[in-house]
Amino acid sequence: MKTHSKLNINSGQILNNAELITLKGGTELLSWLTCRVDGVICWSNPVDNCESTRYVCNYICGPWTEAVCVGPIQ
């Protein structure tokens, strides 16, 4: 374990580059869409872009109340 001033860094807990890419969702330029019904997630997956948010949430969840779509600018 390395110590830097008052900060302790446990090198066994640091993510490597491959793990960071996996956590990010891979190397493809996809957006991530989450549809919710009254705060409960009914569907959450990658999508090609955020333009289809309403269509996807309507098709998958029916009466959805919230949608969050994040991803790269295309």
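Figured I'd write up the structure that's included with this text.

Calculation rules
Residues numbered from 1 in each chain as written. Predicted model: local features only at pLDDT ≥ 70, side-chain atom pairs only at ≥ 80, totals over all residues. Heavy atoms only, no water. Salt bridge = Lys/Arg side-chain N within 4 Å of Asp/Glu carboxyl O. Helix = DSSP H or I, 4+ residues; strand = E, 2+ residues; numbered from the N terminus. Buried < 20%, exposed > 50% of the residue type's maximum accessible area, 1.4 Å probe, protein only. Disulfide = S-S within 2.5 Å.

## Focus on the pattern of salt bridges
Logical step 1: Inspection of every chain in the model, using the stated rule, returns 1 salt bridge.
Logical step 2: One salt bridge in this structure joins Glu 66 and Arg 36, with 3.6 Å as the shortest N-O distance. With Glu 66 in strand 5 (residues 66-70) and Arg 36 in strand 3 (residues 31-37), the pair connects residues that are 30 residues apart, well separated along the chain.
Logical step 3: Given the relative accessible area of 27%, Arg 36 is considered partly exposed.

## Some details on unusual backbone geometry
Logical step 1: Although it is not a glycine, Asp 38 sits at a positive phi angle of roughly 50°.
Logical step 2: Among the secondary structure elements, Asp 38 is positioned in the loop between strand 3 and strand 4 (40-47).

## Some words on the state of the cysteines
Logical step 1: Here the structure, examined in full by the defined rule, presents 3 disulfides.
Logical step 2: One disulfide in the model links Cys 35 with Cys 57; its S-S distance is 1.9 Å. Residues Cys 35 and Cys 57 are joined through a disulfide that is left-handed, its torsion about the S-S bond being -80°. With a gap of 22 residues between them, Cys 35 in strand 3 and Cys 57 in helix 2 (residues 53-61) connect regions that are remote in the sequence. No difference in accessibility class separates Cys 35 from Cys 57, as the two residues are buried.
Logical step 3: Put simply, Cys 42 and Cys 61 are joined by a disulfide, and their sulfur atoms are 1.8 Å apart. On the S-S bond that ties Cys 42 to Cys 61, the torsion sits near 100°, and the link is right-handed. Taken together, the positions of Cys 42 in strand 4 and Cys 61 in helix 2 put the pair 19 residues apart, joining distant regions of the chain.
Logical step 4: The exposure class of Cys 61 is buried, given its relative accessible area of 14%.

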